Structure formats: structure tokens, C-alpha cells
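A closer look at the structure
Residue-level listing of the chains:
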Amino acid sequence: MPRTIRISILLAVLSLFMVFAAGSFAHPASGIVVSANGEVFFVHTGQGLCKIEAQGRLTYLHKDTGGHWVALDTEGKFAAAADNRLFKRVALSGAKSILLFASGGAPLVVNRDGNLYYGSGFPGGDDTTPGGHTVTRMSPGGKKTLFAPELKATLEKLGEAVTGLAADREGTLFVACPSAILKVKMDGTVTTLVHPVVVKDCDFASNEPRSRFFHAPYLRGLDVTEEGTVYAAVTGCRCVVKITPEGKIETVLKAEQPWAPTGIAVRGKEVFVLEYSNTDKHTGWTPRVRKLGPDGKVTILAAVAPD
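Quick summary incoming for the structure in this document. (Residues numbered from 1 in each chain as written. Predicted model: local features only at pLDDT ≥ 70, side-chain atom pairs only at ≥ 80, totals over all residues. Heavy atoms only, no water.)

1. With respect to helix α2 (residues 149-158)
Three or more residues of α2 are buried, namely L151, T154 and L155. Mapping the buried residues of α2 onto a view down its axis gives an arc of 100°, with all of them on the same face. Of the exposed residues in α2, the ones pointing more than 90 degrees away from its buried face are P149, E156 and K157. Elements that come into contact with the buried residues of α2 comprise β10 (134-138), β13 (173-177), β14 (180-184) and β15 (190-194). (Buried < 20%, exposed > 50% of the residue type's maximum accessible area, 1.4 Å probe, protein only. Helix = DSSP H or I, 4+ residues; strand = E, 2+ residues; numbered from the N terminus. Arc of directions from axis to C-beta. Contact = heavy atoms within 4.5 Å.)

2. Let's talk about the pattern of salt bridges
For the structure on display, the rule yields 16 salt bridges. For E53, the salt bridge goes to R57, with nearest N and O atoms at 3.1 Å. Note that K96 is salt-bridged to E75, the shortest N-O span being 2.8 Å. In this pair, K96 is assigned in the loop between β6 (88-91) and β7 (98-102) and E75 in the loop between β5 (69-73) and β6, connecting sequence segments 21 residues apart. Its relative accessible area of 45% is what places E75 among the partly exposed residues. (Salt bridge = Lys/Arg side-chain N within 4 Å of Asp/Glu carboxyl O.)

3. Points about the sheet that holds β13
With antiparallel pairing, the 4 strands of this open sheet are ordered in space as β12-β13-β14-β15. Across the chains shown, the open sheet's two edge strands, defined by having one partner strand only, are β12 (164-167) and β15. Averaged over neighbouring strand pairs, the angle between their axes works out to 25° when direction is ignored. Sheet analysis places β14 next to β15, joined by 4 bridges and oriented antiparallel. Each residue of the ladder has a partner; that of L182, found in β15, is T192. Strand contacts of α2: β13, β14 and β15, with the helix running at about 165° to β14, the strand carrying the most contacts. (Pairing = 2+ DSSP bridges. Axes fitted to C-alpha atoms, helices over the stretch in contact; angles between N-to-C directions.)

4. Digging into the sheet that holds strand β9 (residues 116-120)
Pairing in this open sheet of 4 strands is antiparallel, and the strands run β8-β9-β10-β11 from one edge to the other. The open sheet has two edge strands, β8 (108-110) and β11 (144-147), and neither has a second partner. Averaged over all adjacent pairs, the angle separating strand axes in this sheet is 30°, with direction ignored.

5. Regarding the state of the cysteines
In the structure shown here, the tally under the stated rule is 1 disulfide. In this model, C202 is linked to C237 through a disulfide, with the two sulfur atoms separated by 2.0 Å. One disulfide, between C202 and C237, carries an S-S torsion of -85° and so falls in the left-handed class. Here C237 lies in the loop between β17 (230-234) and β18 (239-243) and C202 lies in the loop between β15 and β16 (219-224), a separation of 35 residues in the sequence. Look at C202 and you get partly exposed, because its relative accessible area is 28%. Residue C237 is classed as buried on the basis of its relative accessible area, which comes to 14%. Looking at the unpaired C239, the closest cysteine sulfur is the one in C237, lying at 5.2 Å. Taking the relative accessible area as the measure of exposure, C239 reaches 2% and is therefore buried. (Disulfide = S-S within 2.5 Å.)

In C-alpha cells, the structure reads:
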């Protein structure tokens, strides 16, 4: 076969692979956190890390062409950590807290024990490929260990993957999956809070229903209150659900097309929701942040123009 023909075939195959990969894994950011003084930080995919000040002014703290997740390190445990490919450190002016910005990879959270927990394929895979078959624990010194081997087995049995992470004040991890929420105690014990997740009045149908990462109703980011109530972004159904400690599900916020929630941050009785436009497409993603008050009032805190 002539060399030029072989190159043409190779380029065609690579093009098809890139299209398939984009269709399978491309998605806008889920990263949003809120500080104790009410400052909101969220990821603008393709632009970087944004900050909404208490007065409502929007600024960019870190520019980046990628962007998916962010974690708040309130004690600054990772301020002096060795450089790695999982995150970039973003310092906050006048505070010991820092932000861990993840351009790619999987969800991550700094737990009360001072360690970083993140979705990964470790062991038997890579930190980022696949990025959600289990959860790895990493110390500020860079030591990595498989956290809760039972979790990896449970995820495989349920046909689910890690799409969101949060931690409560006791250190229990809450793991969001496309159609499940699991709880993992610090000793590695795993319990299922809810599976499958059933959302009323939702007609979402995944193009990849057998994918562990992308099937109905397609949960993404989540957070948990001090009382143990979970708020989760159901991206496929364009809504936010509240899940009680007993597993009862209630829709508390809906988004109009083309918007869909992707990330959640809780502060007291307030719920901060990161939403993106066109989450069912591969282009046209723009973010906005809304706040759901304890009285049910919804306020737009920031909306970024498409350009």
C-alpha cells in the first residue's frame, strides 16, 4: 500500500477516534466552592477559575484553557505540596486557605483529615484514565493509597462511576454517580444512600446508556449540609434534587433550556448552583451561578456572556 494512502487512512481513523472521544467524555465544569465568608469560586471551562465577591463583582483568579473541578483547602495543607499533574494551587489573598484547580481528571475534595480524595483508576489504572472507577487518597506529602477497596467493588457491581465528591463534618465521603449516591466512612465502610436515582418528569435519554460515566439521570456535582441533607446536580434532567438522610428525593430547583446544573456548593442554609448552557452539546458552553435561599428564592449571582 502506498505511503500516502496509509497516512490518509491513519488520519481518518484518528479523526473518528477524536469524535468518539469527544462524544463520550467532553463536558463542562462541575467545580464550585464557597468560603466561610461567602465568596463563591467556580470553574469556567476554557477560561479558568472565577471568583464572585460578596458584593457581586466577578473576577478571574487563574487563567486556563481547560478546567473541570476545584477544591477548597481551608487549612492550606497543600500549600507546600510538590507539583503534580492533578491540580494547580491558587492562593487566596490574605488567607491561609488555597484552592486546588483541576484542569482535567475527576472530582476532588480535601477532607477534614487534611488529605485529598479524588476519583481515579488507581490501582490497576491511571490517576486520570479512567478517572472515576474508585477514589484515591493523597497526603500533602504526595503519598497515594487506594481508599476503601469496597467502594471500587461496589461501583463496578452497580455499573456506576465517580462523577462528584463531597465530605461532611465527620469526614464521611459522599460519592455522586450518574444514578447513585454512596456514602463512605473514614474506615472505608460503604453504604448506598440511594440507587437508582429516580427523578420525576424527566425525559433524559443518554446516547450511551451502558456507560458507567454517562447514563440517566446523570448526576454530577453534589454537596452535603451539616444535618446530612444532600443537594445534587442532575445534569440530564436539568434540575437540583434534595436527598434526605433517609434517601427521600425531592426536586428543589429546575433550569430552563439551554441551562443545566453541573455543580453544587452549600453554605449554611444556602445552596449555590453552577449551571452551564448546552451541556448536551460539545460547544457553546457558558456558565452562570444561581443561589437557592432557605425560603426557596432563586437569585442569579453571575452569568458569563458567550464571548
